[in-house]
Amino acid sequence: QEQLVESGGGLVQAGGSLRLSCAASGRFFSSYPMGWFRQAPGKEREFVAAITWSGDRIYYRDSIKGRFTISRDNAKNTVYLQMNSLKPEDTAVYYCAAKVSGSDYYATLNYGYWGQGTQVTVFS
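Fair warning: this is a prediction, and the values are worked out from it, not measured in the lab. (Residues numbered from 1 in each chain as written. Predicted model: local features only at pLDDT ≥ 70, side-chain atom pairs only at ≥ 80, totals over all residues. Heavy atoms only, no water.)

Q: Hey, could you run me through unusual backbone geometry in this one?
A: Most peptide bonds are trans, and most residues other than glycine sit at a negative phi. Positive phi, close to 55°, is recorded for N77, a residue that is not glycine. In this structure, N77 sits in the loop between β7 (68–73) and β8 (78–83). The phi torsion at S85 lies on the positive side, around 50°, for a residue other than glycine. Mapped onto the fold, S85 is located in the loop between β8 and β9 (92–99). Looking at S85, the relative accessible area reads 39%, which means it is partly exposed. (Helix = DSSP H or I, 4+ residues; strand = E, 2+ residues; numbered from the N terminus. Buried < 20%, exposed > 50% of the residue type's maximum accessible area, 1.4 Å probe, protein only.)

Written as structure tokens, this is what we have:
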């Protein structure tokens, strides 16, 4: 059964760093581009970053460019999100998902196999 499990969230002071991991079951991981999304209380889930299978193309939302880095290790069936210079507005539940359809890497509807999420809380 395909499954994604996120980890690495936590409580961090503004300016700090966290590294999120998303471990995937091997059968489908190598087939899909992968993405990270986040959802703050009372807000819709939003795109954060995505990476193709080979890593040759990477996409970021504007507000995190230069602070977050997405990467993947296909041998370990894991995708990462390194988050630096964190801000209180980065507080959210972070989800990883596989891009299973469509051409738009930024569109939530093109992703499936969502993980359960990991909470990131940034305090000032």
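Q: Could you clarify how one ought to interpret the environment of A98 in this entry?
A: Looking at where A98 falls in the secondary structure, it is placed in strand β9. It is 6.2 Å that separates the C-alpha atoms of A98 and G35, two residues lying 63 residues apart in sequence.

Q: Looking at this structure, how should I read the environment of G117?
A: Its place among the elements puts G117 in the loop between β10 (111–112) and β11 (118–123). Judged by relative accessible area, which is 14%, G117 ranks as buried. Residues G117 and A92, spaced 25 residues apart in sequence, show a C-alpha to C-alpha distance of 9.5 Å. Among all residues touching G117, those that are not within four sequence positions of it are E6, V93, Y94 and Y95. (Contact = heavy atoms within 4.5 Å.)

In short, shape yes, function no, at least from these values alone.
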